[in-house]
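Spelled out, the chains give:
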Amino acid sequence: MQAEPTLLFRREPHPRPTSAATRADLMANPGFGKVFTDHMVTIRWTEAKGWNDARVRAREPVTLDPAAAVLHYGQEVFEGLKAYRTAAGVTLFRPEQNARRFQRSSDRLAIPALPEALFLKAIDELAAVDVDWIPGGDGSLYLRPFVFASEAFLGVRPALEYWFIVIASPVGNYFKGGKKAVSVWLSDTYTRAARGGTGAAKCGGNYASSLVAQAEASKHGCDQVVFLDAAENRWVEELGGMNIFFVFDDGSLLTPPLGGSILEGITRDSIVTLAKRAGRVVREEPYSIEQWRADVRSGRLRECFACGTAAVVSPIGEIKAANGGFVIGNGEGGEVTDGIKAELTGIQRGEIADVDGWVRKVAGL
Ligand code: PLP
Ligand code: COI
């Protein structure tokens, strides 16, 4: 990808930013994705101008023509990454990986790729202008870059106009109540993605089609849904919004392979790297639901966890399914999961040496 000639970001600060007292109130217990900062970054794309009109501006509603292609054909992709307040300043974790995945997702959805430098600059600009919204402690500022087709045209083809936007939300735990372990519902009705589909892209459509399965999970008292593959309805793929790892009695890890139907999680990749360095055997191999059940029965499977930017590392304690569920270990996670979480979050928060160069300081902060 060729570097874009420097695009000037016009800074238009919010005329009436949230007061410090209101902000403190909002940030006291933010949950996930409910509280938003004062600003957003927008960049437009047109066929004639390419990426243009970059602005850091007050967060406000976007006006769209009712014929905007995104509203009809769902041409949209997004990302999710966090800014952390650390002793070394405000930092991001592997943001260039988000920029690159955003390009891959965009390619899959026939959206013009945003240059990596512009993606990173947009993140830096928003984190800087809304720096007071970055929580300390266990919290972080969740950044949500997204791009969508805004052209008013009902023909089915890639649109000729797009908006790229970044918004930000101070967040705590993704799972309500910061539970020790989460429960997942095994969907035998719905699948998430098939070979040749959009499973590896972070596009809104994948999440839209997962909602009914997620609702089924909630109905059964579960926090998340776990999907099996679409061809055989047998191989464990991932959760609605996170990847999955299995921990065995010999200390080895297994996670489903990247075959085009699951999201290439940055947390997943980081855990694979860290676990291998720690001397663990890590297999990226298909794992069937029958094997999962058998390994729980035999005691070979000791722990299981979900991972992602929002979920961080969350132990999975229980699986529920139409044909019978099961509990993993004592149902509360375990020490391997805890150790992996501690190492990952330690690096992310600047408390453990970053030997891989994953942590990137936000410019000027
Ligand atoms: N899988 C899905 C479907 C997701 O939505 C996410 C979250 O982004 C992940 C996996 C984990 O990806 P990452 O670790 O890059 O956040
Ligand atoms: C993320 O972890 O960034 C996601 O997009 C997942 C979603 C469940 C919030």
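Residues numbered from 1 in each chain as written. Chains lettered and ligands numbered in written order. Predicted model: local features only at pLDDT ≥ 70, side-chain atom pairs only at ≥ 80, totals over all residues. Heavy atoms only, no water.

This brings us to the layout of surface pockets. In this approach the atoms are scanned with a rolling probe the size of a water molecule, which exposes any empty space left behind. The space that makes up the largest pocket amounts to roughly 1100 Å³. Lining the largest pocket are 46 residues; nearest its centre among them are F32, Y174, Q224, M242 and A310. Only β7 (140–149), β8 (161–171), α5 (204–219), β11 (236–239), α6 (266–277) and β15 (301–308) provide two or more residues apiece to the lining of the largest pocket. The leading source of residues in the lining of the largest pocket is α5, at five residues. Taken as a whole, the second largest pocket spans an internal volume of roughly 500 Å³. Those elements that provide at least two residues to the lining of the second largest pocket are β5 (81–86), β16 (312–320) and α8 (335–348). Among the residues forming the lining of the second largest pocket, the class breakdown is ten nonpolar, eight polar and eight charged. (1 Å grid on protein atoms, 1.4 Å probe; cavity = no way out; pocket = protein on both sides within 12 Å on 5 of 7 lines; lining within 4 Å. Points joined across faces, edges and corners; volume = space filled by probe spheres on them. Helix = DSSP H or I, 4+ residues; strand = E, 2+ residues; numbered from the N terminus. Nonpolar A, V, L, I, M, F, W, Y, C, P; charged D, E, K, R; others polar.)

Residues in close proximity to ligand 1 total 17 residues, the closest being R101, Y207, E238, T267 and T309. Between ligand 1 and K202 there is a distance of 2.8 Å, counted from an oxygen atom to a side-chain nitrogen or oxygen. Here T267 contributes a side-chain N or O atom positioned 2.5 Å from an oxygen atom of ligand 1. Protein coverage of the free-state accessible area of ligand 1, which is 390 Å², stands at 97%. Most atoms of ligand 1, that is more than half of them, are within 2 Å of grid points of the largest pocket. Sorting the residues of the shell around ligand 1 by element identifies β11, α6 and β15 as the ones contributing at least two each. By residue class, the composition of the shell around ligand 1 is six nonpolar, seven polar and four charged. (Near = heavy atom within 4 Å. Polar contact = N/O pair within 3.5 Å; in protein donor to acceptor, adjacent residues only side chain to side chain. Areas by Shrake-Rupley, 256 points an atom, 1.4 Å probe, with all protein chains shown as cover. Sits in = over half its atoms within 2 Å of the grid points.)

A few words on α5. For α5, with 16 residues, the first-to-last C-alpha span of 23 Å sits near the 22 Å given by 1.5 Å per residue. At L211, α5 is deflected by roughly 40°, the largest bend along its length. Of all the residues in α5, the buried ones are N206, S210, A213, Q214, E216 and A217. Contacts from the buried residues of α5 go to β9 (182–186) and β10 (224–228). (Expected span 1.5 Å × (residues − 1). Bend = angle between axes of the 7 residues up to and from the residue. Buried < 20%, exposed > 50% of the residue type's maximum accessible area, 1.4 Å probe, protein only. Contact = heavy atoms within 4.5 Å.)

Evaluated as defined, the whole model comprises one cavity of 30 Å³ or more. Here the largest cavity defines a volume of roughly 130 Å³. In terms of lining residues, the largest cavity is bounded by 13 residues, among which Y84, F93, T267, T309 and Q348 are the most central. Listing elements by their share of the lining of the largest cavity, those giving two or more residues are β5, α6 and α8.

The next point concerns the domain arrangement of the protein. According to the domain assignment, the protein contains domain 1 (9–172) and domain 2 (178–348). Of note, the centres of domain 1 and domain 2, computed from C-alpha atoms alone, are 27 Å apart. Taken together, the contact pairs 21 residues of domain 1 with 20 residues of domain 2. Surface buried jointly by domain 1 and domain 2 totals about 1700 Å² across both partners, of which 57% is contributed by carbon and sulfur atoms. Contact with domain 2 buries surface across domain 1, with F78, F93 and R101 losing the most and accounting together for 36% of the total. (Domains from an automatic or database assignment. Buried area = accessible area lost by both parts, 1.4 Å probe.)

The tally for this structure, following the rule as stated, stands at 21 salt bridges. Of the charged contacts, one joins E12 and R10 as a salt bridge, the two residues approaching to 2.9 Å between their closest N and O atoms. Sharing partners across several salt bridges, the network here consists of R10, E12, D53 and R55. (Salt bridge = Lys/Arg side-chain N within 4 Å of Asp/Glu carboxyl O.)

Now for the site of ligand 2. Near ligand 2 the following residues occur: F32, F78, G80, Y142, R144, Y174, K202, G241, T309 and A310. Between ligand 2 and Y142 there is a distance of 2.5 Å, counted from an oxygen atom to a side-chain nitrogen or oxygen. Separating an oxygen atom of ligand 2 from a side-chain N or O atom of K202 is a distance of 2.7 Å. About the coverage of ligand 2: the protein hides 89% of its 280 Å² of free accessible area. Taking a 2 Å distance to the grid points as the criterion, the majority of the atoms of ligand 2 fall inside the largest pocket. Considered class by class, the residues forming the shell around ligand 2 number five nonpolar, three polar and two charged. Inspection of the shell around ligand 2 shows a minimum of three residues originating in each of domain 1 (9–172) and domain 2 (178–348).

Next up on the list: the environment of L228. The residue L228 is located in strand β10 in this model. You can call L228 buried: its relative accessible area is 3%. Note: C-alpha distance between L228 and M27 (201 residues apart in sequence) is 37 Å. In this structure L228 touches L186, T191, N233, R234, W235, V236, E237 and I289, once residues within four positions along its chain are discounted.

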